[in-house]
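# Descriptive analysis of the structure
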Amino acid sequence: MKNLAIQVKGLQKSYKQHQVLKGVNFEVEQGSIFALLGSNGAGKTTAVKILTTLLKPDSGTIKVNGFDVTSNPDHVRQAISLTGQFAAVDEILTGRENLIMIAKLRYLKNPRQVAEDLLKRFGLTEAADRKASTYSGGMRRRLDIALSLVGTPQIVFLDEPTTGLDPEARLEVWKMVKELAAGGTTIFLTTQYLEEAEQLADRIAILHEGRIIANGTLAELKKLFPQAKVEYVEKQPSLEDIFLAIIGKKEAM
Amino acid sequence: METIKKHFFSDLGVMLGRSMRHISRSLDTIITVCITPIAMMLLFVYVFGGAIQTGTENYVNYLLPGILLIAIASGISYTAYRLFLDKQRGIIERFHSMPISRSAVLWGHVLTSVVSNVISVIVIIIVALIMGFRSSSGVLPWLAVAGILVLFTLALTWVAAIAGLTAKSVEGASAFSYPLIFLPFISSAFVPTESMPTVVRVFAENQPVTSIVEAIRALLSGQLVGNDIWVALAWCIGIMVVAYIFAMKAYKKRM
């Protein structure tokens, strides 16, 4: 039997009159990367907030790490961490202080050592004693994800982890996500970038107007479309390819 | 199933440490909550003081209680500001998705407010002593003064919590405190109410600041306190309870 990290059955949620989630079902296997894909306003963030115990569902059974999010939120919180849409770091504290604070809140034995290790792992050692408000967008996101990994949670939620990042920083985040998954962590991410889901996810679910309209591996989703025709098209580099090539050259010099 | 042990006081300590760092790194906060009341005290004592007839010889003695209340009222506006930023920047969501005591997040702000206001009150009293403030009161009256000031701080802090949790903008989160800072001016904090026109006087004599100021003044000068202290306590506790209920409601509704 496969082990499920997340089970969602019949999830519904409304804000006043407006129904955001209209019966959402999906499962996430332990140790996999699951991407919830959808346009702005599709209800992705609402789903994440319910899974991370920040919001209560109107109806449905939602289990995270085997625990019900409504009746057993504390057990859920022990197994998860959340990186929200906007980097939720304390800007007035330094990177190191941010990490030590979270380590203390997770009652870890040696907060300073935990902070030191994560700073090193995320390439923030040099900036460790600067206020987070002086960090670039990419550094802030790295710190944000580092904060989420304090105490090595089994399931990591990343809500639009690359929105607002430049291409380089985005690649960095992708690399981190892949490394995490390789270490056995279950990853639940939301994104509006198709390419991101394609690059990272073992399974992709498409959330549209409050329902999951497609769910499967990339190969399975591709089969939903008519057979690919073979056409010869001259491949133009995208602006992103060009940008990254130039930047890469510069750094090599 | 085993229940998860929560560490309210340990979490509270972390939250307190965090907010106190915020204060010590914000020059703006220190200027507003400490330097401005001191400047006001200098202004009233050395510029206006000569023209004000209070019936007491020592105007610093007369003025100090009102200055302390102004300092606390401007201090708590920063509590609203910090709470608002935590909410807006998603850091509360991070805390709430962790297995910590949720109420420790809010109580951390409340405790920070009390600690930081105690510090600014002490600094202002030291400056007042240098300016000639004298009190012959013993330990008990001073403890009573400390108690009233802490209660006043708590009452206003919970008002600030409502503002911080429900505001839509940073301006909104701190603007609510302006009337609070202004209230001491329409009271007996700076001048006796006898000289005011009837309408203003009726307001001044029946608003909370006057009874609190009168109670503190009496305690510090060793006079009979009378009814003022009970009226002052009733105001502080009343405001605190009502504001606490609404603040908790706002806190739980959001999360």
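Bear in mind the structure is a predicted one, so any value in this text is a computation, not a measurement. (Residues numbered from 1 in each chain as written. Chains lettered and ligands numbered in written order. Predicted model: local features only at pLDDT ≥ 70, side-chain atom pairs only at ≥ 80, totals over all residues.)

## With respect to the interface of chain A and chain B
The condition that has to hold: In this description, a residue-residue contact is defined by the distance between C-beta atoms placed from the backbone, which must lie within 7 Å. Strands are runs of DSSP state E lasting at least 2 residues, helices are runs of H or I lasting at least 4, and numbering of each runs from the N terminus. Any residue that is not Ala, Val, Leu, Ile, Met, Phe, Trp, Tyr, Cys, Pro, Asp, Glu, Lys or Arg is counted as polar, Gly included; the first ten are nonpolar and the last four charged.
Residue-level contacts link 21 residues of chain A with 19 residues of chain B. Those elements giving two or more residues to the side of chain A that touches chain B turn out to be α2 (73-79), β6 (80-83) and α3 (95-105) of chain A. The element best represented in the side of chain A that touches chain B is α2(A), accounting for four residues. When grouped by side-chain class, the residues that make up the side of chain A that touches chain B number 10 nonpolar, six polar and five charged.

## Remarks on unusual backbone geometry
All names here are of chain A. A positive phi is found at Glu-160, a non-glycine position, where the angle reads about 45°. Mapped onto the elements, Glu-160 comes out in the loop between β7 (155-159) and α6 (167-182). Non-glycine residue Glu-209 carries a positive phi angle of around 45°.

## Regarding helix α4 (residues 111-121) of chain A
Residue and element names in this part refer to chain A. We apply this condition: To assign burial, the other C-beta atoms lying within 10 Å of each residue's own C-beta are counted, with C-beta atoms placed from the backbone; 20 or more indicates buried, 12 or fewer indicates exposed, and intermediate counts indicate partly exposed. Arc definition: it is the arc formed by the directions from the helix axis to the C-beta atoms.
When α4 is considered as a whole, its buried residues turn out to be Pro-111, Val-114, Ala-115, Leu-118 and Leu-119. One side of α4 holds all its buried residues, which, seen down the axis, span an arc of 130°. Within α4, the exposed residues directed more than 90 degrees away from the buried face are Arg-112, Gln-113 and Lys-120. One or two residues past the end of α4 sits Gly-123, with phi positive at roughly 65°.

## Remarks on the packing of helix α5 (residues 102-130) of chain B against helix α6 (residues 139-166) of chain B
Residues and elements named next belong to chain B. How we decide: The axes are straight lines fitted to the C-alpha atoms, using for helices just the contacting stretch, and the angles between their N-to-C directions are given from 0 to 180°. Angular relationships are summarised with four words: roughly parallel below 35 degrees, roughly antiparallel beyond 145, roughly perpendicular across 65 to 115, and oblique for the angles in between. Working rule for handedness: look at the near helix, and if it is turned counterclockwise from the far one by less than a right angle, call the crossing left-handed; if clockwise, right-handed.
At a closest axis distance of 10 Å, the pairing of α5 and α6 adopts a crossing angle of 135°. One way to sum up the angle between α5 and α6 is to call them oblique. Regarding α5 and α6, the two cross each other, and that crossing is right-handed. The segment α5 lies against α6, with Leu-106, His-109, Val-110, Ser-113, Val-114, Asn-117 and Val-121 engaging Leu-149, Val-150, Thr-153, Leu-154, Thr-157 and Ala-161. Within the contact of α5 with α6, the residues separate by chemical class into eight nonpolar, five polar and no charged.

## Some thoughts on the environment of A:Gly183
Turning to its location among the elements, A:Gly183 is positioned in the loop between α6 and β8 (186-191). Distance in space between the C-alpha atoms of A:Gly183 and A:Gly31 is 8.3 Å, their sequence separation being 152 residues.

## Examining the confidence of the model for chain A
Quick note on the threshold: The predictor's confidence in any single residue is recorded as pLDDT, a number from 0 to 100.
Here chain A shows a mean pLDDT of 89. Residues at 70 or above account for 96%. Across chain A, element-level confidence peaks in α3(A) with a mean pLDDT of 96 and bottoms out in helix α9 (residues 239-252) of chain A with 72.

## Here we look at the pairing of β8(A)
Regular strands show a simple pattern: their side chains alternate between the two faces of the sheet. All names here are of chain A. Going by this rule: The pairing criterion is simple: DSSP has to find at least two bridges between the two strands. If you view a crossover with the strands going away from you and the path from the first strand over the helix to the second runs clockwise, you call it right-handed.
The buried fraction of β8 is high, at six of six residues. Both strand β3 (residues 33-37) and β8 contribute to a ladder of five bridges, which runs parallel. When the bridges of β8 are listed, Leu-36 appears paired with Thr-190. As judged from the five bridges shared by β7 and β8, these two strands associate in the parallel manner. Bridging from a neighbouring strand, Phe-157 pairs with Phe-188 of β8. Crossover β7 to β8 through α6 is right-handed.

## Topic: the nonpolar core
Where a protein is soluble and globular, its nonpolar side chains tend to be buried together. Worth spelling out the cut-off: Note on terminology: a nonpolar core is a set of buried residues of type Ala, Val, Leu, Ile, Met, Phe, Trp, Tyr or Cys, with members joined through C-beta atoms within 7 Å.
Counting 99 residues, the largest nonpolar core has A:Leu99, B:Leu63 and B:Leu69 as its most contacted members. Broken down by element, the residue count for this core peaks at 18 residues, all from helix α3 (residues 59-88) of chain B. Setting aside its immediate chain neighbours within four residues, A:Leu99 contacts A:Val114, A:Ala115, A:Leu118, A:Leu119, A:Ala146, A:Leu147 and A:Val150. With 40 residues, the next largest nonpolar core counts A:Val28, A:Phe34, A:Ala47 and A:Leu207 among its residues.

## Focus on the pairing of β6(A)
Residues and elements named next belong to chain A. Because side chains alternate across β6, one face comprises the buried residues Ile-80 and Leu-82, and the other comprises Ser-81 and Thr-83, equally buried. Both β6 and β7 contribute to a ladder of four bridges, which runs parallel. What sits directly across from Thr-83, in β7, is Leu-158.

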